[in-house]
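# Tertiary structure, described
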Amino acid sequence: MKDHTAVRMIKDKAFRVIVILLACFSMLPLLLILYYITRNGIAVINWEFLTQLPRPIGETGGGIFNAVIGTGMLIVLSSILSIPFGITAGIYLSEKSEGKIANIVRLCVVVLQGTPSIVIGIVAYIWVVAPFHSFSALSGGVALSIMMLPVIIKATEETLKLMPYHLKEASLALGVPYYKTILKVILPTGLSGILTGILLSVARITGETAPLLFTAFGNQFMNWNLFKPIDSLPYRIFYYAMSPYPEWHTFAWGASFILVVLVLAFNLIARGVAVKWKVQF
Amino acid sequence: MESTVLKVEDFSAYFGDNQILKNINLDTSSNLVTALMGPSGCGKTTLIRCVNRMHELIPGTKVTGKMYLKNDDIYAMQPIVLRRKIGMVFQKPNPFPMMSIYDNVIAGYKLNGIRLKKDEFDNIVERSLKGSALWEEVKDSLYRKGTFLSGGQQQRLCIARALAMNPEILLLDEPTSALDPKSTSAIEELIVELKKTVTMLLVTHNIAQAARVSDFTAFIYLGELIEFGPTEKMFTVPKDKRTEEYLTGKFG
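Everything quoted here is computed from the prediction, not taken from an experiment.

### As for the overall build of chain B
In terms of helices and strands, chain B carries eleven helices and ten strands. Radius of gyration (C-alpha) of chain B: 18 Å, near the 18 Å computed for a compact globule of 252 residues. If you line up chain B on its principal axes, its C-alpha atoms span 55 × 40 × 35 Å. Taking all 252 residues of chain B together, 46% fall into the buried category.

### Considering the overall build of chain A
Counting secondary structure elements, chain A contains twelve helices and zero strands. Along chain A, from the amino end to the carboxyl end, the secondary structure elements read α-α-α-α-α-α-α-α-α-α-α-α. With the C-alpha coordinates aligned to their principal axes, the bounding extent of chain A is approximately 70 × 70 × 35 Å.

### Concerning the pairing of strand E1 (residues 4-15) of chain B
All names here are of chain B. Of the pairings in the sheet, the one linking E1 to strand E2 (residues 18-29) comprises eight bridges and is antiparallel in character. In the sheet register, phenylalanine 15 faces E2, and the bridge partner there is asparagine 18. Once E1 ends, the chain turns through two residues before running back antiparallel as E2, passing glycine 16 with a positive phi of about 65 degrees. In the sheet, E1 pairs with strand E4 (residues 61-69) via eight bridges, with the strands oriented antiparallel. Bridging from a neighbouring strand, lysine 7 pairs with tyrosine 68 of E4.

### Some details on the interface of chain A and chain B
In this complex, chain A contributes 19 residues to the contact, which on the side of chain B involves 20 residues. Partitioned by chemical class, the residues of the side of chain A that touches chain B number eleven nonpolar, five polar and three charged.

### Looking at the environment of lysine 161 of chain A
Residues and elements named next belong to chain A. In this structure, lysine 161 sits in helix H6 (residues 137-161). Looking at lysine 161, the number of C-beta atoms within 10 Å reads 14, which means it is partly exposed. For the pair lysine 161 and valine 111, spaced 50 residues apart in sequence, the C-alpha separation works out to 21 Å.

### Quick look at the environment of isoleucine 122 of chain A
Along the chain, the position of isoleucine 122 of chain A falls in helix H5 (residues 117-132). Expressed as a C-alpha distance, the spacing of isoleucine 122 of chain A and proline 211 of chain A, which sit 89 residues apart in the sequence, is 7.3 Å.

### What to know about the packing of helix H9 (residues 191-206) of chain A against helix H12 (residues 246-276) of chain A
Residue and element names in this part refer to chain A. It is the contact of H9 with H12, at a shortest axis distance of 8 Å, that shows an interaxial angle of 170 degrees. As summarised for this structure, H9 and H12 are arranged roughly antiparallel, according to the angle between their axes. Seen from H9, the contacting residues are Ser192, Leu195, Thr196, Leu199, Leu200, Val202, Ala203 and Thr206; seen from H12, they are Leu259, Leu262, Val263, Phe266, Asn267, Ile269, Ala270, Val273 and Ala274. In the contact of H9 with H12, the residues fall into 13 nonpolar, four polar and no charged.

### A few points about unusual backbone geometry
Residue and element names in this part refer to chain B. The backbone of arginine 53 sits at a positive phi, close to 60 degrees, despite the residue not being glycine. Of note, arginine 53 is situated in the loop between helix H1 (44-51) and E4. Positive phi, close to 45 degrees, is recorded for glutamate 174, a residue that is not glycine. Counting through the fold element by element, glutamate 174 comes out in the loop between strand E7 (169-173) and helix H8 (181-194). We classify glutamate 174 as buried; it has 20 C-beta atoms within 10 Å.

### Things to note about the domain arrangement of chain A
Residue and element names in this part refer to chain A. Each domain of chain A was delimited in the assignment, giving domain 1 (2-44) and domain 2 (48-276). Counting residues at the interface gives seven residues for domain 1, matched by eight residues for domain 2. Residue composition of the side of domain 1 that touches domain 2, by class: four nonpolar, three polar and no charged.

### Description of the nonpolar core
Counting residues in hydrophobic clusters, the biggest one holds 75 residues, and the most contacted among them are Leu36, Val51, Leu171, Met200, Leu201 and Leu202 of chain B. With six residues, the top contributor of residues to this core is helix H7 (residues 151-163) of chain B. In this structure, Met73, Val109, Ala143 and Leu144 of chain A belong to the second largest nonpolar core, which totals 42 residues.

### Describing H8 of chain B
Residues and elements named next belong to chain B. Between its first and last C-alpha atoms H8 spans 20 Å; for 14 residues at 1.5 Å apiece the expected length is 20 Å, and the two agree. Looking at H8, one finds that the buried residues are Ile187, Ile191 and Leu194. All buried residues of H8 fall inside an arc of 70 degrees around its axis, so they share one side. Facing away from the buried side of H8 by more than 90 degrees, the exposed set consists of Pro181, Lys182 and Val192. Buried residues along H8 sit in contact with strand E3 (33-37), helix H5 (118-131), H7, strand E8 (200-204) and helix H9 (207-213).

### Some thoughts on the pairing of E7 of chain B
All names here are of chain B. In terms of burial, E7 is largely enclosed, as five of its five residues are buried. Strand direction decides the pairing type here: strand E6 (residues 86-89) and E7, joined by four bridges, are parallel. For isoleucine 86, the partnering residue across the bridge sits in E7 and is isoleucine 169. Sheet topology places E7 next to E8; four bridges connect them, and they run parallel. In the sheet register, aspartate 173 faces E8, and the bridge partner there is valine 203. At this point the chain moves from E7, through H8, to the parallel E8, and the crossover so formed is right-handed.

### Observations regarding helix H8 (residues 178-189) of chain A
Taking 1.5 Å of rise per residue, twelve residues should cover 16 Å, and H8 of chain A covers 15 Å from first to last C-alpha, within 8% of that figure. The set of residues buried in H8 of chain A consists of Lys184, Val185 and Thr189 of chain A. The buried residues of H8 of chain A occupy an angular sector of 105 degrees when projected down its axis, which confines them to one face. Those residues of H8 of chain A that are buried are in contact with helix H7 (165-173) of chain A together with helix H4 (107-111) of chain B.

Reading the values: the criteria
Residues numbered from 1 in each chain as written. Chains lettered and ligands numbered in written order. Predicted model: local features only at pLDDT ≥ 70, side-chain atom pairs only at ≥ 80, totals over all residues. Helix = DSSP H or I, 4+ residues; strand = E, 2+ residues; numbered from the N terminus. Rg over C-alpha atoms; globule rule 2.2 N^0.38 Å. Buried ≥ 20, exposed ≤ 12 C-beta atoms within 10 Å, placed from the backbone. Pairing = 2+ DSSP bridges. Contact = placed C-beta atoms within 7 Å. Nonpolar A, V, L, I, M, F, W, Y, C, P; charged D, E, K, R; others polar. Axes fitted to C-alpha atoms, helices over the stretch in contact; angles between N-to-C directions. Parallel < 35°, antiparallel > 145°, perpendicular 65-115°, else oblique. Domains from an automatic or database assignment. Core = buried A, V, L, I, M, F, W, Y, C linked by C-beta atoms within 7 Å. Expected span 1.5 Å × (residues − 1). Arc of directions from axis to C-beta. Right-handed = clockwise from strand over helix to strand, strands pointing away.

Okay, structure coming up:
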């Protein structure tokens, strides 16, 4: 009998150790990525790198200023395009839990979420690039906004579904019209959840490269025109990394570092918002 | 001077094919508390919700008969206009969680886009919170969130929110069923105090509560109005056998 207990104890311990080890193992890829990017990238990070434009082949130095601005513009543009549609669709789905249209919309959201980003890029090419006969910031924004949509819709729907029904009743019983109840009571109460969803969707699209390849295209000059090609961090990394020049390779690491820091920051802010602005009932 | 505030005439309500209320006739007079009592599922909550037409939120409901609020046909009015004239307090306290105590009280104005001067709002807030006996407890924390208050305080905040709109009638839908005994007695005292200025319709499944606070009582059973009259009379000499059985605890 005693032996049995001992064997069981050993098995129990072994199981625990294995679970903890494997859990730690899953963090390894992220740690390695951060390690390599920091080791190779941090050396080139300085004020010049962040504020200067890329130089032509043959000249040393230069920076990624246009790519940082381009990524910023793409984020703003795709947010402006996707947030109104995303929140509205989310409201509709949370208000209408059954019904033919709602179910179709819900299915589309799931499928859209799984659609390969390169395909979304092609669609944006057909919609925006082809009619305007030019690669453009706008087309990149359209592609990325399509990628943001499902995340925002899902986040809004899930958040608003958690709102207690008596909150809506309280407002309607005061004679507040339905649309004002949604806009002034339900939405503000769910703001933290919706904002978290938006920030996570931004984090998701910040690093997207594939849909930008034939939409925003890339541009080694500074560009503020929405109808002209624009640079972005992922594209700049791609471009530098594919080049045969060692200095440009280190620039690719540097740009990667900035990109990872950005995505990390969006994720951390999203967490902060979710915790800090959480509404108590 | 007593006058009829709410008049219910041959009123029936249906959920789908299911008849919930059967031919109800009822008058409530001003500055009195009318209690609707009866066992669970008898239709008392449905009746009170038909007064401010909150039952229409549930699809498949249908009503016949008439209801008048001071001679205005309730079912001929726009619901949003009607609901501004009728205050409602629910079973569970439901202050708006993202608003301060101050904003909660004037929520009926703010959410409806009614603009008043700051000092007018200040007056409404003070008057309403005093009316709901909450002023002394919260006057120093008006700008804190309403959800920090205790359950009983939250319920009084909800009463203040309803009072702020100067309602012609206040509907109380089992306002103490989610509260502890101490908060319950505070709310009951408040109801007795409030009837100097407001007419109230109180739904309760608590017989003792109906006896303590109401002037008139309506006993509803299986969707029918069995008996309606002065509370004292009904509790001492009930006319109907079913009322007597309910009051003595034989069912319900």
